Amino acid sequence: MTAAPQPIGVLVALREELRAMEPVLRGRNVAIARTGIGRTNAREKAAAFLAEKKPALLIVTGFAGGLRPGLKAGDVVIAAEVSEEGRASYPWTAPADLL
């Protein structure tokens, strides 16, 4: 008997993001969870999620970028800078294979 494939993991911060994603992902081999807002919540919930679900891939998504004029549903936004709560921002370049 073959083992079930590992799910794709999806994490969101907000309840509204979870509600928006669940119908899209229903019926697929995807595990989704809400972390809550902030670095500490994200770190703790992500660690527990990874330990429990053991996803093959983890996607962290949200729609806060949708607040920017010109963006619409379905657009993919890749960060050019990373900001951490209470810390300085720093530039980030996405790996070429991600683009």
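These lines cover the structure that appears in this document, whether it is placed above or below. Not measured: the values here are computed from a predicted model.

Another aspect to go through is the sheet that holds strand S3 (residues 57-60). If you trace the three strands from one edge of the open sheet to the other, you get S2-S1-S3, paired in parallel fashion. The sheet terminates laterally at strand S2 (30-34) and S3, the two strands that pair on one side only. Averaged over all pairs of adjacent strands, the angle between strand axes in this sheet comes to 20°, irrespective of strand direction. For strand S1 (residues 8-12) and S2, the ladder comprises five bridges, and the chain directions are parallel. Note on S2: the bridge partner recorded for isoleucine 8 is valine 30. Contacts between helix H1 (residues 15-25) and the sheet are confined to S1 and S2, with S2 contributing the most and set at about 165° to the helix.

This part covers a positive patch on the surface. A grouping of Arg15, Arg19, Arg34 and Lys45 is seen on the molecular surface, where their side chains present a positively charged patch. Within the secondary structure layout, arginine 15 lies in helix H1. By relative accessible area, which is 44% here, arginine 15 ends up partly exposed.

Bringing a nonpolar patch on the surface into the picture now. Side chains of Ile8, Leu57 and Ile59 sit close together on the surface and give an oily, nonpolar patch of about 230 Å² of accessible area. Along the chain, the position of leucine 57 falls in strand S3.

This part is about H1. Of the positions making up H1, those classed as buried are Glu17, Leu18 and Leu25. All buried residues of H1 lie within an arc of 95° about the axis, which places them on one face of the element. Its buried side turned inward, H1 meets S1 and S2. Directly beyond the C-terminal end of H1, a positive phi value near 85° is found at glycine 27.

Along the chain, the position of threonine 35 falls in the loop between S2 and helix H2 (39-53). Contact partners of threonine 35, with chain neighbours within four places excluded, come to Leu11, Val12, Ala13, Asn41, Ala42 and Lys45.

Checked against the element boundaries, arginine 43 lands in helix H2. Arginine 43 sits in the partly exposed class, given a relative accessible area of 47%. Separated by 33 residues in sequence, arginine 43 and valine 10 have C-alpha atoms that sit 14 Å apart.

As a further point, take the pattern of salt bridges. What the rule picks out here adds up to one salt bridge. Here lysine 53 and glutamate 52 are joined by a salt bridge, their closest N and O atoms 3.5 Å apart. Accessibility expressed as a relative area gives 60% for glutamate 52, which makes it exposed.

Thresholds, definitions, all that
Residues numbered from 1 in each chain as written. Predicted model: local features only at pLDDT ≥ 70, side-chain atom pairs only at ≥ 80, totals over all residues. Heavy atoms only, no water. Pairing = 2+ DSSP bridges. Helix = DSSP H or I, 4+ residues; strand = E, 2+ residues; numbered from the N terminus. Axes fitted to C-alpha atoms, helices over the stretch in contact; angles between N-to-C directions. Contact = heavy atoms within 4.5 Å. Patch = residues over 30% accessible without salt bridge, like charges linked within 9 Å, V, L, I, M, F, W, Y side chains within 5 Å. Areas by Shrake-Rupley, 256 points an atom, 1.4 Å probe, with all protein chains shown as cover. Salt bridge = Lys/Arg side-chain N within 4 Å of Asp/Glu carboxyl O. Lys, Arg positive; Asp, Glu negative; His and termini not counted. Charge placed at Lys NZ, Arg CZ, Asp CG, Glu CD. Buried < 20%, exposed > 50% of the residue type's maximum accessible area, 1.4 Å probe, protein only. Arc of directions from axis to C-beta.

This is a description of form; function is not addressed.
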